[in-house]
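One-letter residues, chain by chain:
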Amino acid sequence: MEVIIKQDAEEVSNEATSIFRRQLRQKPASVLGLATGSTPLGLYRRMVAMAQAGEVDFSHATAFNLDEYVGLPGTHPQSYAAYMRAHLWDHIPMTRWHIPDGTARDIPLHCAEYEAAIRAAGGIDLQLLGLGSDGHIGFNEPGSSLGSRTRLKTLTAQTVADNASHFASPAEVPRHVVTMGVGTILDARHCLVLAFGERKAAAVAAMVEGPVTAMVPASALQMHPVCTLIVDEAAAVQLQRREYYRWVYENKPAWQRA
Ligand code: F6R
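Residues numbered from 1 in each chain as written. Predicted model: local features only at pLDDT ≥ 70, side-chain atom pairs only at ≥ 80, totals over all residues. Heavy atoms only, no water.

As for the site of the ligand
1) Next: Taken together, 14 residues are adjacent to the ligand, and T39, D67, H136, G138 and K200 come closest.
2) Next: Contacts to the ligand include S38, whose backbone N or O atom sits 2.9 Å from an oxygen atom.
3) Next: A distance of 2.4 Å separates an oxygen atom of the ligand from a polar side-chain atom of T39.
4) Next: When isolated, the ligand has an accessible area of 410 Å², and the protein chains bury 93% of it.
5) Next: One can see that the ligand is located within the largest pocket.
6) Next: Across the shell around the ligand, the residue classes tally to three nonpolar, eight polar and three charged. (Near = heavy atom within 4 Å. Polar contact = N/O pair within 3.5 Å; in protein donor to acceptor, adjacent residues only side chain to side chain. Areas by Shrake-Rupley, 256 points an atom, 1.4 Å probe, with all protein chains shown as cover. 1 Å grid on protein atoms, 1.4 Å probe; cavity = no way out; pocket = protein on both sides within 12 Å on 5 of 7 lines; lining within 4 Å. Sits in = over half its atoms within 2 Å of the grid points. Nonpolar A, V, L, I, M, F, W, Y, C, P; charged D, E, K, R; others polar.)

This is how it looks when you write it as structure tokens:
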């Protein structure tokens, strides 16, 4: 895993933007895996700016989102579909985007179809991930099978509390989601995890330097051949080997830079 430590959230977003820019320039018909939450907002703002400046062409790309709340239609303002439209899809010329349907009648069937659609698109080239403060990726909460596929998950009380600020009250936060599984995420050719703030520091350390365990689903990324983690200084404070990660980054060969 490559660990990149940047000064602050702005720099994290800049670095992530460079990775998306390079991906789309090298392969305009890329299949992107996308996330919601507060972490990607700076990256999405920059992606919109890139598209509007004509720096990158999104029109050949396809996107699959990680997850959606069960019970919220895509028209609900707190649905992840609404989030994606507001922050990205309404502003870039990308027409092939997919997100799980939280109102599907037959959730297991819908999940199997979502997996099939990812396969039919050729698999995900670049998967963006935020990191839960409990070590989740997607909504694979601690204890999730590291081989899991897209399915229904029950959120933990901590995740419900973390997400409550987006709803009128914690009681309104749905308890269930449809999420890509850890195994689905690991199939992506390149995984890109972003994290900032001290609130994420323990999860970052457990993901990078702890044991690979279902108790920290993000630790499964240690098994991924091409995983990049970009964190700010605050999220890096608990990393034992942070000086080595900085050294590796400073000495990165020019051809490997985004
Ligand atoms: C969102 C998702 C989640 C978030 C994670 C971090 O699609 O899959 O794993 O990435 O909960 O959320 P934020 O970015 O709000 O801290």
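Considerations on the sheet that holds strand β1 (residues 2-6)
Each strand in a sheet pairs with its neighbour through backbone hydrogen bonds, running either in the same direction (parallel) or in the opposite one (antiparallel).
1) Next: Pairing within the open sheet is parallel, and its seven strands lie in the order β1-β10-β9-β6-β2-β3-β5. Two strands close off the open sheet at either side, each with one partner strand: β1 and β5 (96-98). Taking each pair of neighbouring strands and ignoring which way they run, the sheet shows an average axis angle of 15 degrees. (Pairing = 2+ DSSP bridges. Helix = DSSP H or I, 4+ residues; strand = E, 2+ residues; numbered from the N terminus. Axes fitted to C-alpha atoms, helices over the stretch in contact; angles between N-to-C directions.)

A word on the pairing of strand β3 (residues 62-65)
1) Next: The alternating pattern of β3 places T62 and F64 and A63 and N65 on opposite faces, both of which are buried.
2) Next: Here four bridges tie strand β2 (residues 31-34) to β3, and the two strands are oriented parallel to one another. Within the sheet, the bridge partner assigned to G33 lies in β3 and is F64.
3) Next: Viewed along the sheet, the connection from β2 through helix α2 (residues 41-52) into β3 turns out right-handed.
4) Next: Pairing analysis gives three bridges linking β3 to β5, with the strands arranged parallel. Paired with A63 across the strands is W97, a residue of β5. (Buried < 20%, exposed > 50% of the residue type's maximum accessible area, 1.4 Å probe, protein only. Right-handed = clockwise from strand over helix to strand, strands pointing away.)

Regarding the packing of aromatic side chains
Each aromatic ring pair is described using two quantities: the centre-to-centre distance and the angle formed by the ring planes.
1) Next: In this structure the tally under the stated criterion is seven aromatic pairs.
2) Next: Between Y80 and F139, the ring centres sit 6.2 Å apart and the planes meet at 10 degrees, which makes this aromatic pair stacked. Placement of Y80 in helix α3 (residues 80-89) and of F139 in the loop between β6 (126-129) and β7 (151-154) is noted, with a sequence separation of 59 residues between them.
3) Next: Take Y80: its relative accessible area is 8%, and that puts it in the buried class.
4) Next: Under the relative-accessibility criterion, F139 is labelled buried at 6%.
5) Next: Connected via pairs of aromatic rings, a cluster forms that spans Y69, Y80, F139 and F167. (Phe/Tyr/Trp six-rings, centres within 6.5 Å; stacked < 30°, edge-to-face > 60°.)

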